[in-house]
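Given next are the chains, with one letter for each unit.
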Amino acid sequence: MIIRAKAPFRISFGGGGTDVPPYCWEHGGAVLSTTIDMYAYATLRPISIRKINVRSIDYKLKKSFELGKLGYDGQLDLVKATINEFNVRKGFDLLIHGEMPPGSGMGTSSSMTVALIGCLKEFTNRRMSKREIAELAYHIEREELKEKGGYQDQYAPAFGGFNYMEFFKNRVNVTPLRLSQELMNELLYRLLLFYTGETRLSSEIHEDMAKRYKEGKRDYLKGMHNLKRIAHEMRRGLLRGDFERFGELLHEGWMEKRRLSGKITSPEIDRLYEIAREKGAIGGKILGAGGGGHLLVFCEPERKFEVADEFIKYGVRTVSFGFESRGLQTWGVKE
């Protein structure tokens, strides 16, 4: 039996950065996000020999390993760390790929980790809740591999849907938002997503932000508190269907976020955002830690086409997407 899994990518609307320790451990963090209908995929096919054969489409890599504890060497370490957690005793072929490029600002590596966990839990007959999957994904990325970042990227694809998430030292609260289909349709209609053509290493941005936090700069801490407040207000505005306020908060959050580190934005990104605002965008932000990837903008409905047409002149393409609510999914396929 072939096992497949897919885990969605996420869009973070507000609060991003407050989910990163030590801030969330000391002050509590909050993020408003949703998952979209673009996925990281993993396919596992059992084989009769005691080997693990991995093929990554995104990184154009093929590697074979003997069963047992796998060491890290900078290539496919995420895959190897996940396999190590399941004490695998039988060989298999593994194919992995994503519908978004790595470094796109949508938590792609974490979605892949969740998809890998989905495949391996089925392969080893291990029962896991959504929370246990998210906790294991966090452990693999942040504790085992020491990759800089926060909590939201693992919890969003494991749970799926619109969620208001709160982060503390010893717990994560995930509160689903019960939104009507009409409200989600209108929100989606007002959003535009653009791929800037740039990617970034989020770990570098998180390291810079952590350094500024440790330096105890008052303005930095005030900015983080504001990002958390904005996430809370965005949740209230969305539940009320107050789209005007939602867009204004999106803009306020981006202005606040870009002040936290010089690595979060660039002259090219700033210019694109200015163009979007001139043509009818109320608010927007670079997704993820920043520095590149995807630009999300929230528009006046009548003017969204002006924004899209203007971006075409700059060679920036629109990315079509929809919302999804299921999170991680796994299934079997008979050979």
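A brief look at the structure comes next. Worth saying up front: this structure is predicted, and the values here are computed from it rather than measured.

So, how was this worked out
- Residues numbered from 1 in each chain as written.
- Predicted model: local features only at pLDDT ≥ 70, side-chain atom pairs only at ≥ 80, totals over all residues.
- Heavy atoms only, no water.
- Buried < 20%, exposed > 50% of the residue type's maximum accessible area, 1.4 Å probe, protein only.
- Helix = DSSP H or I, 4+ residues; strand = E, 2+ residues; numbered from the N terminus.
- Arc of directions from axis to C-beta.
- Contact = heavy atoms within 4.5 Å.
- Salt bridge = Lys/Arg side-chain N within 4 Å of Asp/Glu carboxyl O.
- Phe/Tyr/Trp six-rings, centres within 6.5 Å; stacked < 30°, edge-to-face > 60°.
- Pairing = 2+ DSSP bridges.
- Core = buried A, V, L, I, M, F, W, Y, C linked by side-chain atoms within 4.5 Å.

**Thoughts on helix α6 (residues 181-190)**
At step 1: Those residues of α6 that sit buried are Leu183, Met184, Leu187 and Arg190. Buried residues of α6, seen end-on, are gathered within an arc of 130° and therefore sit on one face of the element.
At step 2: Of the surrounding elements, those touching the buried residues of α6 are β1 (2-14), β8 (191-195), α8 (218-240), α9 (243-258), β10 (294-299) and β12 (323-324).

**Notes on the pattern of salt bridges**
At step 1: Applying the stated criterion across every chain, the model contains 20 salt bridges.
At step 2: Residue glutamate 233 is joined to arginine 229 by a salt bridge in which the shortest nitrogen-to-oxygen separation is 3.2 Å. Taken together, the residues span about one helical turn, with glutamate 233 and arginine 229 both in helix α8 at a distance of four residues.
At step 3: Looking at glutamate 233, the relative accessible area reads 17%, which means it is buried.
At step 4: Taking the relative accessible area as the measure of exposure, arginine 229 reaches 31% and is therefore partly exposed.
At step 5: Its salt-bridge partner being arginine 258, residue aspartate 270 comes within 3.0 Å of it at the nearest N-O pair. Of this pair, aspartate 270 sits in helix α10 (residues 267-279) while arginine 258 sits in helix α9, and the two are 12 residues apart along the sequence.

**Thoughts on helix α5 (residues 152-159)**
At step 1: In terms of burial, α5 is a largely internal element, eight of the eight residues being buried.
At step 2: Within α5, the full set of buried residues consists of Gln152, Asp153, Gln154, Tyr155, Ala156, Pro157, Ala158 and Phe159.
At step 3: Check the buried side of α5 and you find it contacts β1, β2 (29-46), α3 (108-123), α4 (130-144), β6 (163-167) and β7 (172-176).
At step 4: Of the residues one or two after α5, glycine 160 is the one with positive phi, at around 75°.

**Details of the packing of aromatic side chains**
At step 1: Under the defined criterion, the tally for this structure stands at 11 aromatic pairs.
At step 2: Between phenylalanine 194 and phenylalanine 311, the ring centres sit 4.2 Å apart and the planes meet at 40°, which makes this aromatic pair tilted. With phenylalanine 194 in strand β8 and phenylalanine 311 in helix α11 (residues 304-313), the pair connects residues that are 117 residues apart, well separated along the chain.
At step 3: Look at phenylalanine 194 and you get buried, because its relative accessible area is 0%.
At step 4: A network of ring pairs unites the aromatic residues Phe13, Phe162, Phe246, Phe298, Phe321 and Phe323 as a single cluster.

**Quick notes on the pairing of strand β3 (residues 51-56)**
At step 1: With burial as the criterion, only one face of β3 is covered, namely that bearing Ile52, Val54 and Ser56; the residues Lys51, Asn53 and Arg55 on the opposite face remain uncovered.
At step 2: The pairing of β3 with strand β4 (residues 61-66) spans six bridges and is classified as antiparallel. Each bridged residue has a counterpart across the sheet, and for arginine 55 the counterpart in β4 is lysine 62.
At step 3: Hairpin connection between β3 and β4: a loop of four residues separates the two successive antiparallel strands, and lysine 60 in this loop has a positive phi of roughly 55°.
At step 4: Looking at chain direction, β3 and strand β5 (residues 92-98) are connected through five bridges and run parallel. Across the sheet, the residue bridging to valine 54 is leucine 94, located in β5.

**Here we look at the nonpolar core**
At step 1: Phe13, Phe92, Leu94, Phe162, Leu187 and Leu238 are the most contacted members of the largest nonpolar core, which totals 84 residues.
At step 2: Ignoring any residue separated from it by four or fewer positions in sequence, one finds phenylalanine 162 in contact with Phe13, Ser33, Thr34, Thr175, Pro176, Leu177, Leu179, Met184, Leu187, Leu238 and Phe323.

**Concerning unusual backbone geometry**
At step 1: Following proline 21, the chain continues to proline 22 via a peptide bond in cis, the omega torsion being 5°.
At step 2: By the element assignment, proline 22 lies in the loop between β1 and α1 (23-27).
At step 3: Notably, asparagine 87 is not glycine yet its phi reads approximately 50°, a positive angle.
At step 4: For asparagine 87, the position within the fold is in the loop between α2 (77-84) and β5.
At step 5: Phi angles above zero are rare outside glycine, and asparagine 125 is one such case at about 55°.
At step 6: Relative to the assigned elements, asparagine 125 resides in the loop between α3 and α4.
At step 7: Judged by its relative accessible area of 69%, asparagine 125 falls in the exposed class.

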